[in-house]
Structures are given as structure tokens and as C-alpha cells.
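# Close look at the chain arrangement
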Amino acid sequence: MTGKRLSLVLLSTNRCNAACDYCFEDKSGERLSLEHLRRIVDKLMDHLDKLRIDALTIHWQGGEAMLLAPQWYQEAFRLIQGMAEARGKQVDHGLQTNMLAYSPKWNPVIAEMFGNSLSTSLDFPNLHRKVSGRDPEHYNAIWETKVRMARAAGIDVKVISVVNQGTLEIGAERFWEYFVDELGVFDFQINTPFPGGEANEVKRGMTLDVAELARFHCELADIWLERGYLKNVRVGPFDELLNWFAHRDALLPCIWGQNCAHELVAVDAGGHVAQCDCWVTSYPDYRFGNILECDSLTELLDRSEARRRFFERPVKLVQGDCIRCDYLALCHGGCPVRAFSVHGTLFEKDPYCHLYETLFRHLEGRAARQLADVSSRLDHRQTAAIGVSR
Amino acid sequence: MPLSTNQPADSIVYQISLEQLPAYRGRRLIVRSTHPPELVARFGADDLDNLSYVQLRSLPSDIDRLVHWAEGLAIELLLENPAQDFALLYRFAKLLDNHPVRVALPVVPGFENAVKLAWSLQFAVSLQAGQPAAPMVEQMARLLDDFLHRPTVAAPIEYFYSLLLGLCHEEPVNLWAIQEEDPALVRYIDDRGEERLPGKLMEADPGPDPAGFVKSWGDTLLAEGAECAECSYFAPCRGYFKWPRRDYDCAGVKSLFHTLRKAADELRGDLAAVPPAGKPHPP
């Protein structure tokens, strides 16, 4: 793990109150105790010391993170802050939740621990998210109610939306209208589906036409640039890609970059350690070990044969056709779990390669036009100035 | 890791092996090694003051101790077999967190992929150009185009980078110096302790005035009426591409110079169009 900040995906519970058909997590009933949390954080602080990293971001999720009480998070927050301060570390927290269990009781801890912000998920149209025994409309109704409540309390609600076949059929225009104009969501991220975890009928049928998916992404990016960009609407990954191509600071999603194994690690409620939430919940053979059963997280990671394969992945991929790609510097073969869930091996590139390449090229062009527009405005001002001076 | 072209004689940089460190303490040094743990063990804090950079040879595997050692010190990775070893660059990317890292590699078949991966990982690159054959010049031309125009290329590629800056700012540049092969700046101490000229001059006779080699070589070529006499790029090149074979056909490398000069002219024009810092834009 390199860099000056480490990201930890921490699953406070492996339980969930939803029963989404396409979920990549294989659930269990485990929940994290404060005592186990103390032991985990202690080893994390040792690990940060060894790597000389001073900052940690904990991304809390589940299962469903809100199945533990807000009081539990308040105690967890104080525990972590106390341990971090004693070790001279800075810890930030993020929350990913389906919001089904949200109530105003959560407001104080969301304000104190999560900076009055959270991230939730909804697809449009919603085909797969539901509560057990109910249909997606029921889920939508609860979700929209809870989101309105949270917004009314001043909470900034971000949304992750997974594209499905229905999304491609309604198109980018309708998708934008739903999230921005109807729901008033001004910060959302588009994710691609993948058949992670135990196979089922929905996962077997969730493969999308990648060319269609690419067209949808490019159209949505254009709509965002025309209607949202200057109004501070943020749509991931377009916003950060535009920054990247315009030579501004950019925080790219974990599917891209040199290797997610450098920057990210996940721990589930039972203490299992793996590359991310999908790996830790669904692919036991790819776990790195258990943080509650080891003396040192650093040694656990260094000795893990499974983790070594994550580091070897780009070394292998770049000897294939990735080296010929114009966007190798951005992508490095894409997401390991997307590759694994489709191909059954880490040593294949991301199945959405064509989507990424198309989107990169599209936003590279838009960034160049944006820079040219700025340059043109500058030229215009100077021409005007010359005219005045004459 | 530029070495200044205006150094007094006593500030020549000596490229030595790690074993020669005790004999060269107090001099300005580049230290080469194949064993990173020994670098960490043998260097004292005072030694770092005179160290330009360390060169890692043979792509050693045990680099973990270098990550937090002498943070800020530049490291050069010598990629001797780029076609075979380029993918291993991934293993060295973690050094970039705390060190400027440059990949040095010969312009031989397979080098293009290595350069591409190097810049994709944000390594700086130094091309050991030598006297490149026509197919290698074609690959250099493609890389130069990427370097000049592709937003995914952010790290400097030498000699393109320094030459572009020099031409853009209309400052004197010397390809021998950019390539760290000017004997006025660098000397190579071989493993037997003998002082040699650097880089591709390694086998050359140092003569009585090794520091004057570049001027002497250029004067010789001009006096002979060689291709250099009518070359518009002689000033930055100074006969670099005519060593060791004087009959080397420079047509290919001249096209690279031409591309760089054109880009430098455009860049200079663009910079001139930007208002000086601190002055507000006119309304």
C-alpha cells in the first residue's frame, strides 16, 4: 500500500435488510463488536505507522451498515478518534447505506461522524433492488421517503446507480430527468453491473451490450456537461475523468488506477481481510487472512499469496493487449473483481474494456474542447485589448 | 535529474559502484548498485549530501527498504532488456511515493513498450539513444508525438524534454549534457576503479583533456566538412549522433529535431500570448 492515505472498506455487519437479486455479497449474520473494532483499529494504526501513512479513510458499509444502532457508531467514532489521536493519525469516515433503516435518530451521528453526508444506491428503473417478498416499487417508495427525510434534515445524499437493461432502454435523457430533475440528486455515480458472488438467474442475465452501454455513458456525459457541469452537479466517473484529462487533480474510482491493492483493503464484520467488499464477502479463497487472528496486519498482507496475485495482475495484463491501449495510464486493465466474476481468473482484463476506452476517448475530446474554449476566450480578450490600445 | 552544464572542474560527477564509496567520499556521485539493502546499510547521512542519484541495475527484487530510505533522493532504474523486462516496472512504482524515479533504457527493439509503461506509471524516462537504426527512429518519432500531444503522458522523456525546453526558451542546450554523457560533467569509474568517459564514450580514449571532448569532437566534424557542417541542429547536437560511427545517416534523427523545434516554436508563441503573472486580464 503506497500513498499518504489508506482506504479501508469496513463492514460493520454482514447482515442486510434488503434482498436485491443481483447483490454480489454472500450474507452472514455477523456484526462487529466494539471490542473487535478496537483490536482492528489498533492493528490498522500499527500498519499505518509501518507504512508511514498519516491518514485513513474508513468507508463504512455492510451488509447494511444501518442495521447497527446510531449509538454504536457514536461509540465507534469516539473509540477510533481517541486511538487515532494517540497515534497522530487523521481518520475520515464515509457511509454507504440503502437507507431503509434511516430515521431522524441517525442525524446526530451522520453530522458528527460523516460530515452530514452519506451515499446510498438506487437504479433507474429499479429492476433488482427489493425487500424480501416485496417488489421493487415498494423499495423505491421507502427509499424516496427516507431520502426526502434525510434531505429535510440537511443531509447531503449522494447516489450510486447501477445501469441495467432497462436503463439502456429508457436512455440517458430520461435517466438524467429522473435523478436530477425529479429527485433533485446533484451528486451521483454510474456503476456497471457484474455477476459477483453466488450465481442466480438474474446474474446470469445481467450481461449488457457493451457498445450500447458505452453509447449511454457518452450521451449521459454530454447531458451532464451541457446542463449540470456549470451548476455543480457531479456525475461520477465523468467529473473526475474530465479533471484528469484537463490536467486537474482527479480522484478516479477504484476500478482504474495502477492497482487498487496499493490503496484499498476491506475488513468484514468477522475480521476477514480481502481486497474489497466483494472479495471479502463472496470469494473466501481470495481472502488475505483474518485481522483478529493475526499479530500484524502488515505481515498478514505481506505474506498473503492471494494478495500477491493482485500485484501480479497488471504485470501479466500489460504483456497482452493493454500495452497497446492509449489509456493504459488511466486503466491498467480495470477492475479485478469484474474480470474475475466474468472470466473466473484475475489475469484477464475488465470485461468493460470497450466501454472504458470509448468513454475515455469521448471525455478526452470534451476536455480538449473545454481547454480550447478557455484558450479562445483568452485570445478574444487579448485581441480586444489590442484593439483598445490602438 | 539534470546535471548542470556550468559546473567548476572539481564538481564533476563520478558514477561509481557502491563498493567504491569509501574512496570517493566528498565528491559528487552517482552510485550504482544491484543490491538495494546494501545501499541502505552502507550510506551514512553525510554521504547523501553529495549524491546526485542512485542507479539500480538488474531490476533487483528487494526494494522495500528503499521506499522510505533517503526520501526525496532520485533513483534511476536501468532497464537493460526492455523487451523482456518492461512489465516488471510495476514492482517499482511504489518507489514513486517518496522518490523521483527515472527509467533509463537503450533504444533497442522493444523499448517502445517499456517507455509507454514507464510513462503510464509516472516514471520519468531517459532514452539511451546511441545511433538508432531507422526502425528505432520511427518508434522514437511515435513516442515523441505522444510526448508532445497525448495528455496521458505527463512525465518527462529525455532527451525530448530538455531539448524542447531549451529550444522553447532559446537557451543553449547540449545533447551530450542532457544525456549525461559529457565528460566535462560526468566520469564513469569502472568496477576495477579505472576512470572512463561516460555513456557511449566508455570505450573512447580520454586523451589529455577529457573535459574538452565535446568541443573537440564538434570542431573535428566541422573541420572535416561532415554532414554536421550544414546541419541546422548542430548547436544542440554537437555531433552526438555521429559518435561512434561518423558515417551514421542523421536523416531520421534530424526529423526528430525538426519536430521538437516546431513544437518549441509553437509553445513559445503560446507562452507569449499568456499575460504576465499578476497582471489582470483586460476587461
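Nothing here was measured: the structure is a model prediction, and the numbers come from that model. (Residues numbered from 1 in each chain as written. Chains lettered and ligands numbered in written order. Predicted model: local features only at pLDDT ≥ 70, side-chain atom pairs only at ≥ 80, totals over all residues. Heavy atoms only, no water.)

## A short note on the overall build of chain B
For chain B, the helix and strand inventory stands at 11 helices and 9 strands. Here the C-alpha atoms of chain B give a radius of gyration of 20 Å, agreeing with the 19 Å that 2.2 N^0.38 yields for 283 residues. Taken over the C-alpha atoms alone, chain B extends approximately 55 × 55 × 40 Å along its principal axes. Per-residue burial over chain B gives 53% buried out of 283 residues. Put simply, 57% of the contacts in chain B that link residues at least 6 apart link residues at least 24 apart. (Helix = DSSP H or I, 4+ residues; strand = E, 2+ residues; numbered from the N terminus. Rg over C-alpha atoms; globule rule 2.2 N^0.38 Å. Buried < 20%, exposed > 50% of the residue type's maximum accessible area, 1.4 Å probe, protein only. Contact = heavy atoms within 4.5 Å.)

## Observations concerning the interface of chain B and chain A
Each side of the interface is counted separately: chain B has 23 residues, and chain A has 28 residues. Buried surface at the junction of chain B and chain A, both sides included, amounts to about 2,400 Å², of which 59% is carbon and sulfur. Scanning the region where chain B abuts chain A turns up 4 salt bridges. For E312(A), the salt bridge goes to R91(B), with nearest N and O atoms at 3.1 Å. One can count 8 residue pairs in polar contact (both at pLDDT 80 or more) joining chain B with chain A. A total of 4 residues in the side of chain B that touches chain A trace back to one element, the largest contributor, which is helix 5 (residues 111-120) of chain B. When the residues that make up the side of chain B that touches chain A are grouped by side-chain class, the tally is 11 nonpolar, 6 polar and 6 charged. (Buried area = accessible area lost by both parts, 1.4 Å probe. Salt bridge = Lys/Arg side-chain N within 4 Å of Asp/Glu carboxyl O. Polar contact = N/O pair within 3.5 Å; in protein donor to acceptor, adjacent residues only side chain to side chain. Nonpolar A, V, L, I, M, F, W, Y, C, P; charged D, E, K, R; others polar.)

## Re the pattern of salt bridges
For the structure on display, the rule yields 49 salt bridges over all chains. R52(A) serves as the salt-bridge partner of E71(B), at 3.5 Å between the closest nitrogen and oxygen. Pair noted here: E71(B) is in the loop between strand 3 (51-56) and strand 4 (74-78) and R52(A) is in the loop between helix 1 (34-51) and strand 2 (55-61), and the two residues belong to different chains. When its relative accessible area of 42% is taken as the criterion, E71(B) is described as partly exposed. Taking the shortest distance from any N to any O, the salt bridge between R234(A) and D239(A) comes out at 3.1 Å. Classification of D239(A) as buried rests on a relative accessible area of 11%.

## Observations concerning the sheet that holds strand 7 (residues 234-236) of chain A
All names here are of chain A. Strand order across the open sheet formed by 4 strands is 4-5-6-7, with parallel pairing between neighbours. This sheet does not close on itself; its edge strands, each paired only once, are strand 4 (117-121) and strand 7. Put simply, the sheet's adjacent strands are angled 20 degrees from each other on average, direction ignored. Sheet topology places strand 5 (residues 156-162) next to strand 6 (residues 187-191); 4 bridges connect them, and they run parallel. The partner of I160 across the bridge, within strand 6, is Q189. Here helix 4 (residues 136-152) sits on the sheet in contact with strand 4 and strand 5, set at roughly 155 degrees to strand 5. (Pairing = 2+ DSSP bridges. Axes fitted to C-alpha atoms, helices over the stretch in contact; angles between N-to-C directions.)

## Observations regarding the sheet that holds strand 4 of chain B
Residue and element names in this part refer to chain B. If you trace the 9 strands from one edge of the open sheet to the other, you get 7-6-5-4-3-2-1-8-9, paired in mixed fashion. In this open sheet, the two edge strands, each paired with only one partner strand, are strand 7 (157-158) and strand 9 (195-196). Where strand 2 (residues 28-33) lies against strand 3, 5 bridges are found, and the strand directions are parallel. Looking across to strand 3, one finds that R32 is bridged to Q55. Of the strands in this sheet, strand 5 (101-106), strand 6 (124-128) and strand 7 are in contact with helix 5, which crosses strand 5 at around 175 degrees.

## Observations regarding the confidence of the model for chain A
Mean pLDDT over chain A works out to 93, with 95% of the residues at or above the 70 mark. In the model, residues 381-390 of chain A has pLDDT below 50 throughout and makes 6 contacts with residues more than four positions away in sequence or in other chains. (pLDDT = per-residue confidence, 0-100.)

## Thoughts on the packing of helix 6 (residues 134-149) of chain B against helix 11 (residues 251-273) of chain B
All names here are of chain B. Two elements in contact, helix 6 and helix 11, have axes whose closest approach is 9 Å; the angle formed by their N-to-C orientations is 10 degrees. In terms of orientation, helix 6 and helix 11 fall into the roughly parallel class. On helix 11, the residues touching V137, M140, A141, L144 and L148 of helix 6 are G252, V253, L256, T259, L260 and A263. Here the contact of helix 6 with helix 11 is built from residues that sort into 9 nonpolar, 2 polar and no charged. (Parallel < 35°, antiparallel > 145°, perpendicular 65-115°, else oblique.)

## Focus on the layout of surface pockets
Residues and elements named next belong to chain A. As a volume, the second largest pocket reaches approximately 960 Å³. Breaking the lining of the second largest pocket down by element, the ones donating at least two residues are helix 1, helix 10 (297-303) and helix 11 (305-317). Here the element with the most residues in the lining of the second largest pocket is helix 11; it accounts for 6 residues. In the lining of the second largest pocket, the residues fall into 14 nonpolar, 11 polar and 11 charged. (1 Å grid on protein atoms, 1.4 Å probe; cavity = no way out; pocket = protein on both sides within 12 Å on 5 of 7 lines; lining within 4 Å. Points joined across faces, edges and corners; volume = space filled by probe spheres on them.)

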